[in-house]
Amino acid sequence: MKRLLPFKKWLAVFLCLFGTIAFSKEFPNILELKYELTQNGESLGTVIEKFMLDEAGHYHIESITKGIGLYALFGDRVLISEGNISFEGLKPKRFEVHQGSNASKNATVDFDWDNQILITRYKGSETKENIRNKTQDLISYLYQFNYENFDEPMIEFVAATGKKYKKYQFRVVDKKVELSLGNVNFETTSIQSIAEKDGKPETQIWLTNKLYRLPIRIRYQEKNGSTLEQNLVQANIDLNGL
């Protein structure tokens with residue numbers, strides 16, 4: 001049975017089901033998340049994500065960024081991640097990046113785990129690199145936090161972005177941060193990435209403490225000094241997975 005709940009009703013179910021029981025690492029069959037996207041407080045559009053998991057443990061994640069106004073002229077940005085889930089978390093097999101109708105900005109990444117090789121195709125060229133442990137992609141890593149040990153001083157992994165193969169390091173800032181979105185309050189864990197050069201945090205993420213460690217807010221610091229922020233405004237869930 002799939003129940004699609006508006007944000008406030010979903011939150012009530014969320015708190016009722018998980019307020020008194022232990023944290024579960026098992027994702028449901030379907031998750032649908034909608035975020036509002038802003039830049040320096042100005043609305044840019046929405047990010048809509050759909051996570052699907054079949055009985056064989058194969059996952060499919062699709063993230064679509066839709067701009068509004070002038071930003072809509074760039075077309076939808078679509079990220080796709082496919083792979084398998086084990087007790088250790090997500091293991092991507094293929095990652096795709098699509099930017100509107102501009103095929104020159106498309107990228108694909110294949111994860112050849114048998115041969116421990118990462119194959120990236122971008123702008124007509126192909127590069128191969130050795131896969132490190134805990135390798136993720138630009139969208140799967142957000143769901144991988146569900147499987148991480150937050151008692152460790154550092155959470156580390158490598159992620160394929162479609163352009164490069166980058167090491168990420170996150171540290172836990174605070175495990176009990178009250179975060180308000182509208183008139184809804186969440187208890188979250190705040191984490192931030194460790195920048196490679198200037199010491200400024202590139203990414204800050206607030207993960208709910210109740211359910212699957214889903215990102216409630218994601219804040220990106222861009223190189224030009226502007227700030228991109230995603231805030232959760234709706235969550236639909238397939239209760240077959242609970």
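Figured I'd write up the structure that's included with this text.

### Topic: the pairing of strand E7 (residues 107–112)
Here is step 1: Within E7, five of the six residues are buried, leaving the element largely enclosed by the surrounding structure.
Here is step 2: Across six bridges, the pairing between E7 and strand E8 (residues 117–122) is antiparallel. In the strand pairing of E8, Val109 is matched with Thr120.
Here is step 3: Connecting E7 to the antiparallel partner E8 that follows it, the hairpin turn spans four residues, and Gln116 within it adopts a positive phi of roughly 55°.

### What to know about the environment of Leu79
Here is step 1: Its location among the elements puts Leu79 in strand E5 (residues 77–86).
Here is step 2: Along the backbone, Leu79 and Ala107 are 28 residues apart, and their C-alpha atoms lie at a distance of 9.7 Å.
Here is step 3: Not counting residues within four places of it along the chain, the set of residues in contact with Leu79 comprises Ile61, Glu62, Ser63, Phe95, Glu96, Val97, Leu138 and Ile139.

### Observations regarding the nonpolar core
Here is step 1: Ranked by internal contacts, the top residues of the largest apolar core, which has 56 residues, are Phe27, Phe51, Phe145, Phe170 and Ile205.
Here is step 2: When residues of this core are assigned to their parent elements, the largest contribution, six residues, is made by strand E12 (residues 165–181).
Here is step 3: Setting aside anything within four residues of it in sequence, one finds Phe170 in contact with Tyr141, Phe145, Pro153, Met154, Ile155, Phe157, Ile191, Gln192, Ser193, Thr203 and Ile205.

### A look at the side chain of Thr161
Here is step 1: Examined against the element boundaries, Thr161 turns out to sit in the loop between strand E11 (155–160) and E12.
Here is step 2: Residue Thr161 is classed as buried on the basis of its relative accessible area, which comes to 14%.
Here is step 3: A polar side-chain atom of Thr161 sits 3.2 Å from the main-chain amide nitrogen of Lys163.
Here is step 4: Not counting the four nearest positions on each side in its chain, Thr161 is found in contact with Phe95, Val97, Leu138 and Tyr168.

### Quick notes on unusual backbone geometry
Here is step 1: Notably, Lys123 is not glycine yet its phi reads approximately 55°, a positive angle.
Here is step 2: Within the secondary structure, Lys123 sits in the loop between E8 and strand E9 (125–130).
Here is step 3: By relative accessible area, Lys123 is classed as exposed at 60%.
Here is step 4: In this model, Arg213 sits at a positive phi of 50°, which is unusual for a non-glycine residue.
Here is step 5: Looking at the secondary structure, you find Arg213 in the loop between strand E14 (203–208) and strand E15 (215–221).

About the criteria used
- Residues numbered from 1 in each chain as written.
- Predicted model: local features only at pLDDT ≥ 70, side-chain atom pairs only at ≥ 80, totals over all residues.
- Heavy atoms only, no water.
- Buried < 20%, exposed > 50% of the residue type's maximum accessible area, 1.4 Å probe, protein only.
- Helix = DSSP H or I, 4+ residues; strand = E, 2+ residues; numbered from the N terminus.
- Pairing = 2+ DSSP bridges.
- Contact = heavy atoms within 4.5 Å.
- Core = buried A, V, L, I, M, F, W, Y, C linked by side-chain atoms within 4.5 Å.
- Polar contact = N/O pair within 3.5 Å; in protein donor to acceptor, adjacent residues only side chain to side chain.

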